Amino acid sequence: MSDKDLLQKHNFKFQKKYGQNFLYDPKIPAKIAENCTESEFPEDGKKQEVIVEIGPGAGILTKELAKRFHRVSAVEIDENLIPILAESLADFDNVTVTNKDIMQVDLPEFVKEITEDGKYPVSVCANLPYYITTPVIMKLIEECCGFGYITVMVQKEVARRLCAKPESADYGSITAEIGLYGGAVKLFDVPAGCFNPRPKVDSAVVRIKLEQPEKYPKADARNASILIKAAFGQRRKTLVNALSGLAGKIKTTDKNELAEIISQTLGVPGDVRGEKLTADQFVTLARALF
Ligand code: SAM
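Residues numbered from 1 in each chain as written. Predicted model: local features only at pLDDT ≥ 70, side-chain atom pairs only at ≥ 80, totals over all residues. Heavy atoms only, no water.

Asks: Teacher, can you tell me more about the sheet that holds strand S3 (residues 69-76) here?
Replies: Strand pairing in a sheet relies on backbone hydrogen bonds, with the paired strands running either antiparallel or parallel. Spatially, seven strands are ordered S4-S3-S2-S5-S6-S9-S7 in an open sheet, and the strand pairing comes out mixed. The sheet is open, and its two edges are formed by strand S4 (95-99) and strand S7 (182-190), each paired on a single side. If you compare each strand with its neighbour and ignore which way they point, the axes differ by 20° on average. Taken together, the five bridges between S3 and S4 define a ladder with parallel strand orientation. In the sheet register, Ser73 faces S4, and the bridge partner there is Thr96. Across the sheet, helix H5 (residues 107-114) is in contact with strand S2 (47-54), S3, S4, strand S5 (122-127) and strand S6 (147-155); its angle to S3 comes to roughly 150°. (Pairing = 2+ DSSP bridges. Helix = DSSP H or I, 4+ residues; strand = E, 2+ residues; numbered from the N terminus. Axes fitted to C-alpha atoms, helices over the stretch in contact; angles between N-to-C directions. Contact = heavy atoms within 4.5 Å.)

Asks: Quick question: what am I supposed to make of unusual backbone geometry here?
Replies: Generally, phi is negative for residues other than glycine and the peptide bonds are trans, each holding for most cases. The omega angle of the peptide bond from Asn196 to Pro197 is -10°, so this bond is cis rather than trans. Tracing the sequence through the fold places Pro197 in the loop between strand S8 (195-196) and strand S9 (203-210). With an omega of -5°, the peptide bond running from Gln212 to Pro213 counts as cis. For Pro213, the position within the fold is in the loop between S9 and helix H9 (218-233). Unlike most non-glycine residues, Asn11 shows phi in positive territory, near 55°. As for its placement among the helices and strands, Asn11 is situated in the loop between helix H1 (3-9) and strand S1 (22-23). Of note in this structure, Asp117 is not a glycine but carries a positive phi near 60°. The topology assignment puts Asp117 in the loop between H5 and S5. Judged by relative accessible area, Asp117 falls into the exposed class, the value being 57%. (Buried < 20%, exposed > 50% of the residue type's maximum accessible area, 1.4 Å probe, protein only.)

Dropping the structure here:
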């Protein structure tokens, strides 16, 4: 039975509040599953890796992942999709579906369980609900669960932000945050017409690679993240002005001293704007300020 027939059989109603735009052409999920991690496929075709899928919908991407990976653990918020998923995934014995909001999942605990305590590499692959893209990505990278890759389908404009270079108009706090842990590349575009219901904008698939072992000690990444949030929260201000609001958190909020530290540690003018700095520069500055 096609996904469309299955959804009809269960009298499924798409819920806008959950960002439900489902793929219906299996070629696209197949291409996503094929490219969501970079290791070679072994001869038997299945990578010995575990994939966390967020929002399986009717299971179109889940099936393509289950064909190619040792195990898929999907988390779906909409309870109406659970019986539909049970039917559409009935042929696979390597998939589990948890009916939960991903934002409420204790990720380190969840990952420990599904990887049998770290026995398998783990990555994330998802056609993300658009209303929650940035908080989900931040949770996935900041909770440091050992994900090798986070491959996500997002709106094209978000894809540009995830992959932007410093100083470009698209460079933002999420770009710098990703830079603390690794980097992102765009894999391919997906036109709006490939979804049901059709969204207003086109999408793109982005693969974020997180360095293993982690690029920076946790404290450095955490402190740099505080500076990044302050810098981009007040994007039009100079970095000095943005950081001067961090009283009690950093060594000094005196503007002259801050300008001096910025120019000495980074070799850039003291009146630089935060959007010019790379993730690595935010870490260097964090080491001087915390
Ligand atoms: N993977 C399917 C596909 O590609 O056709 C569906 C993708 S659809 C864009 C997003 C999915 O995420 C929906 O199934 C939706 O119910 C689910 N979802 C929305 N918010 C969620 C949340 N907070 N936690 C888990 N799943 C969520």
